[in-house]
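Survey of secondary and tertiary structure
Next come the chains, spelled out residue by residue.
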Amino acid sequence: LSIFLSLLVPAHTTRSPDCGGILTPSGLRYRKFAEVSKPHAESVLRKDLMAPPAPDPSPTSPSSRNQIISVKVDKFSLTLIPDTGMRLSIEVDLGITSTPSTTKEMRLSILADLHVEMNPEENLELVTSDCKTTLEEVQSTEEMDRSAPHKSSGSDIDKQINTEKICLEVFKLLLFPNERLMSLAAPFPITPSCQVQYLPLAAPMYSEQGIIISLQTTFQVAGTVIPLPVSPVPFSMPEPARSSPSHLILAFSEHFYTSLFSALEESGALNVSLLSSLTTATLAERITQMGSLFQEDLPVVLQAVTRSSPHVVLEEDKAIVKLFLTAQIGAGSSLFQSFLSVNVDVTARLHLSVTDTRMIISVAAIEDIELSLATSDVGPILAALLEELFLPTIREEVPAQINVVLRQGVFLPHIATFTYTDVNITIHKDYVLIPCNLQLEARTG
């Protein structure tokens, strides 16, 4: 029965989030959104509203025909609606002339309810669920003295502006952000042969804290998605206890970091070659058998490869990686001759920082190293001697070489043209929290 049930539920057990983010109400109010969106909205609306009107089959008088001569977006804002989505509010100032000498101003207000769906291609897509428009005349000072503002519901201009068509223009406004939204799931390079990809698992949720999205990370090595260790506990996006002043809060599980190092191990990036300060002659002074193995003085090298998957442990204010290596100790750089095999278990502290959209991970310090001989026919005295001779090299070279691999950083989930600023990283038990602000690059596209 268990085998049969497992066939009915293919692979879904592996689709669980290991990271995510919350776009906060502060992030939705980020002023650059409006600055970039205003000219884009103006361009889209101007093409429709200022287009030559269709010929009237029964015009009362050609001179009475209204014409929109200017379109200016005055306000553009996004607000959060908990449990539902977002509300887009656009206020547009229209300059309208009915005769060459008569011009009046109208205010077009557009309210559209938006939410993010997952389309059949499993990409996130911004869509509208409701759209309303109102049009009212903006009165001059003289008119305000005489009467109150009024809506021009029955005017010729109101008939000329097709509200359904305006809402269609709002849909066109979403094409540009949807192109950018697709970039969230793009693959990003870590090393020349290793890539990371963040895949949304479902449409976002909406709470008072913001828009919550859960992501699953996949890693590719040489173009092939690699299987990763299964997370022992499900990860859910930790919501802040109170409203955050940051635009965005990213969270990464302990499993994410273990998967990252497992992918690097799979790609061979964690295999290191360590040149010690010893030579076969200096080693023979301590280990007499070495003198008979090598007739000439050669450099002593350690070639270390991973023997099992790394493991990352997150504690309060502390991130640790555990590496399990097997080092072949040998002589010669061009023609390597191994004479001893040693297991090396390294526990190292990690340092995390963010630059632009990349998380920079580095081995800050080695906290513990354990050496054990891979062969059991060597006595404890030699084991202690090897530890004395090679520990300094391992302690210095292993972090240095791994940091060379990691120095380019790991791209965070992000949308094209946005970078992160004012970053504050906090490490908690089981997850890392990264509150940050958004910064939109100058290009508007």
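Once a new chain begins, its residue numbering starts again from 1 and follows that chain's sequence as written. Where local features are concerned, this predicted model is filtered to residues with pLDDT of at least 70; where side-chain atom pairs are given and counted, the filter is 80 or more; whole-chain, interface and lining totals use all residues. As a rule here, side-chain values come from all non-hydrogen atoms in the structure, and water together with hydrogens is ignored.

1. What about the overall build of the protein chain?
Assigned secondary structure in the protein chain consists of 11 helices and 20 strands. Each of the 445 residues in the protein chain was classed as buried or not, and the buried ones make up 44%. Per-residue and other accessible areas were derived by the Shrake-Rupley procedure at a 1.4 Å probe size, with only the shown protein chains allowed to occlude residues. Surface summary for the protein chain: the accessible area is close to 23,200 Å², and the carbon and sulfur share equals 54%. We count a stretch as a helix when DSSP gives it H or I for four or more residues in a row; a strand needs E for two or more, and each element gets its number in order from the N terminus. Throughout, exposure labels follow a simple rule: accessible area from a 1.4 Å probe, protein chains only, divided by the maximum for the residue type, with under 20% read as buried, over 50% as exposed, and the rest as partly exposed.

2. A closer look at the nonpolar core
With 112 residues, the main nonpolar core has Leu-94, Tyr-257, Ile-361 and Phe-390 as its most contacted residues. Of the residues forming this core, the biggest block, 10 residues, is contributed by helix α11 (residues 380-406). Residue ranges labeled as domains rest on an automatic or database domain assignment. Three or more residues apiece are contributed to this core by two domains, here domain 1 (25-50 + 66-138 + 160-182) and domain 2 (183-428). Counting residues in each nonpolar core, the second largest holds seven residues, with Ile-212, Phe-235, Met-237 and Ala-251 among its members. Side-chain atoms within 4.5 Å link the members of a nonpolar core, which is a set of buried Ala, Val, Leu, Ile, Met, Phe, Trp, Tyr and Cys residues.

3. Some details on the state of the cysteines
Sulfur atoms of two cysteines make up a disulfide when they are within 2.5 Å. Summed over the entire model, instances satisfying the criterion amount to one disulfide. Two residues share a disulfide in this structure: Cys-131 and Cys-167, whose sulfurs sit 2.0 Å from each other. For the disulfide bridge between Cys-131 and Cys-167, the dihedral angle about the S-S bond is near -85 degrees, and by the sign convention the bridge is left-handed. You can see Cys-131 sitting in strand β5 (residues 124-138) and its partner Cys-167 sitting in helix α6 (residues 163-173), a full 36 residues away along the chain. Cys-131 gets classed as partly exposed once you look at its relative accessible area, which sits at 21%.

4. Side note on the confidence of the model for the protein chain
Scored by pLDDT, the protein chain comes out at a mean of 84, with 85% of its residues at no less than 70. The predictor attaches a confidence to each residue, and that confidence, scored 0 to 100, is pLDDT. In what follows, residue pairs with any heavy atoms lying within 4.5 Å of each other are defined as contacts. Within the model, pLDDT remains below 50 along residues 1-13, and this stretch shows zero contacts once partners closer than five positions in the same chain are excluded. Of the regions scoring below 50 in pLDDT, residues 140-154 engages in 18 contacts with residues more than four places distant in sequence or in other chains.

5. Some words on a nonpolar patch on the surface
Together, Leu-168, Phe-171 and Leu-175 make up a nonpolar patch on the protein surface, roughly 280 Å² of accessible area in all. Among the secondary structure elements, Phe-171 is positioned in helix α6. For Phe-171, a relative accessible area of 40% translates into the label partly exposed. Residues form patches when they are more than 30% accessible in relative terms and have no salt bridge. Like charges link within 9 Å. Nonpolar side chains (Val, Leu, Ile, Met, Phe, Trp, Tyr) link within 5 Å. Throughout this description, the term salt bridge denotes a Lys or Arg side-chain nitrogen within 4 Å of a carboxyl oxygen of Asp or Glu.

6. Topic: the sheet that holds strand β13 (residues 299-315)
At least two bridges found by DSSP between two strands are what make those strands a pair. Strands sit in the order β12-β13-β14-β15-β16-β17 across an open sheet of six strands; the sheet is antiparallel. Here the strands that pair on one side only, and so sit at the sheet edges, are β12 (272-279) and β17 (410-411). Sheet analysis places β12 next to β13, joined by five bridges and oriented antiparallel. For Leu-274, the partnering residue across the bridge sits in β13 and is Leu-302. With respect to the sheet, helix α8 (residues 254-266) is in contact with β13, β14 (318-331), β15 (337-355), β16 (358-373) and β17, its orientation differing from that of β13 by roughly 160 degrees. For helices, the fitted line uses only the C-alpha atoms of the stretch in contact; every axis is such a line through C-alpha atoms, and the angle between N-to-C directions lies from 0 to 180 degrees.

7. Brief notes about the packing of aromatic side chains
What counts as a ring pair is set by centres within 6.5 Å for rings of Phe, Tyr and Trp (its six-membered ring), and what kind of pair is set by the plane angle: stacked under 30 degrees, edge-to-face over 60, tilted for all other angles. This structure, assessed with the given rule, holds nine aromatic pairs. Taken together, a centroid distance of 5.8 Å and an interplanar angle of 75 degrees make the contact between Tyr-30 and Phe-33 edge-to-face. Between Phe-252 and Phe-256, the aromatic rings sit 4.8 Å apart at their centres with planes inclined by 50 degrees, giving tilted as the arrangement. Grouping residues by exposure puts Phe-252 and Phe-256 together as buried. Every member of this aromatic cluster is reached through a ring pair, and the members are Tyr-198, Phe-219, Phe-252, Phe-256 and Tyr-257.

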